[in-house]
Amino acid sequence: MNAHDEMLDNVAAYALGALNAGEAREVVVHMRTCEECCAEYDALRPVVSAVGSAGESDAIPSPLLKARIMKEVRAQGSRAKRPSLAIPYALAAACLLLAAGLGTVVVEQHQTIAELSTARRVAFAQGEVLVAPDRLYVVVRGLPAPPPGKVYQTWTLARGAKAVTPSVTFTPDEHGDAVVAIPASGATTAAAAISVEPAGGSQQPTTKPVAVIPIQSS
Amino acid sequence: MRGDADEARRNDGLVVNATELMERVRARDADAFEALYDAYHRLVYGVALRVLADPASAEDVTQTVFLKLWSSPGSFREGNFPGWLARVTRNRALDLLRSRAAHPQLEFPEAMPEDDALEDTVFAQLDREIVRRALGRLADHERTLVELGFFGGLTHQELARRTNTPLGTVKTRIRTALRKLRTALDGVAAG
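Here the residue numbers are simple positions, counted from 1 along each chain's written sequence. All chains are assigned letters beginning with A, and all ligands numbers beginning with 1, in the order in which they are written. Side-chain atom pairs in this predicted model are given and counted only at pLDDT of 80 or more, local residue features only at pLDDT of at least 70, and totals for whole chains, interfaces and linings cover all residues. The basis for the side-chain values is all heavy atoms of the structure; hydrogens and waters are excluded.

Peer 1: What should I look at first to understand the overall build of chain B in this one?
Peer 2: A run of DSSP states H or I qualifies as a helix once it reaches four residues; a run of E qualifies as a strand once it reaches two. Both are numbered from the N-terminal end. Within chain B one finds 8 helices and 2 strands. Going residue by residue from the N terminus, the α and β elements of chain B occur as β-β-α-α-α-α-α-α-α-α. Only protein chains enter the calculation, and the probe is 1.4 Å; a residue is then buried if its accessible area is under 20% of its type maximum, exposed if over 50%, and partly exposed in between. Looking at chain B residue by residue over its 191 residues, the buried ones come to 54%. A contact between two residues is defined here by any heavy atoms of the two lying within 4.5 Å. Intrachain contacts of chain B at a sequence separation of at least 6 include 65% that bridge at least 24 residues. Residue-level accessible areas treat just the shown protein chains as cover; the underlying method is Shrake-Rupley with a 1.4 Å probe. For chain B, the accessible area works out to roughly 7900 Å², and carbon and sulfur atoms hold 48% of it.

Structure representation (structure tokens):
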């Protein structure tokens, strides 16, 4: 097998989503100048999409899930002419209402705005962080769209740790707004940060953070 | 058997057209969004569950994917809607795994491109049972690599470890398997 055959194998692995970030970048760069590999990718990508489309299982989610999602969808549709935020969790949506000072609203997931009203808020230049007992909610406003192929990624630094831990990636909506729920405890997190990273995220920051937010202990 | 173009059968037996529904979702039609949910929630939940192996986390990802679909309906315009949805779901499930990784040095695969490729339309009309039958006709070691690679969210290094197969052989087998699937699905799509 020659080197280019190996690259064609790498293209197949890339199409399947089985390469790490560095290997994937190599393939993408190579395909910019290799018609044969581009053609191979174009042939195999639809196959992978077809495989994915057959991924339905017999398991079904709770009917309550649909209720939560539709409640959020209909609420967004009725409360704002402005397109709604991309919200990962219903609870995060509730946080946003809280941030907007819209009063007490009962939400799903066993928490209420009243409970969240005790959450500490940590402001930073592009928004604020709401520190809940088991999650940090990063609310950003007016962030510029990330460059093509890039996303924003959140990071947390545990108290006493010397290195940050990779967390959720996100892309803000057309207004630059987003609410991101980070599964980290405010009691054990020293800081959160946001950086621009390749789509899919990184294991370590590869760019200077756009925001570093110290999470002071209460 | 081929399914009608871009259509899915809901649990209540109704057939829905995803492209048409997405146009209505872009116009902020919540009823159209609900129809999409009914038609595709089992796909999204199924993919998330296979990646995460945890029902509660799979529900979190399902919620994330559908709310993103509502907030950014312009992210899909054309192509294979369920295939695109499966890619997005896999990426979000891997995001969750990455955020929870006890060891940040653990390696995860790069996210799959989430653009809606026109090329994907070629198999958008195929019923999922046809795809499953084509997968079933692969050699066991080929099918395992394809399914673990997509639904297991594994890198080829991890696939090599799990299947006790040399790294180069894994990638060659992945390509062979995807090529065989392409030929099989081309035959059905042309028929």
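Peer 1: Any chance you could explain the sheet that holds strand β8 (residues 211-214) of chain A here in plain terms?
Peer 2: The strands that make up a sheet are held in pairs by hydrogen bonds between backbone atoms, and each pair lies either parallel or antiparallel. Pairing within the open sheet is antiparallel, and its 4 strands lie in the order β5-β4-β7-β8 (chain A). Sheet topology places β5 (165-170) and β8 of chain A at the edges, where each strand pairs with a single neighbour. Going from strand to strand, the sheet's axes swing by 20 degrees on average, the running direction of each strand aside. Strand pairing is assigned whenever DSSP detects at least two bridges linking the two strands. The pairing of strand β4 (residues 150-158) of chain A with β5 of chain A spans 4 bridges and is classified as antiparallel. The partner of Tyr152 of chain A across the bridge, within β5 of chain A, is Phe170 of chain A. Helix axes use the C-alpha atoms of the stretch in contact, all axes being lines fitted to C-alpha atoms, and the angles between their N-to-C directions lie in the range 0 to 180 degrees. The strands that helix α4 (residues 81-100) of chain B touches are β4 and β5 of chain A; relative to β5 of chain A, the one it contacts most, it runs at about 155 degrees.

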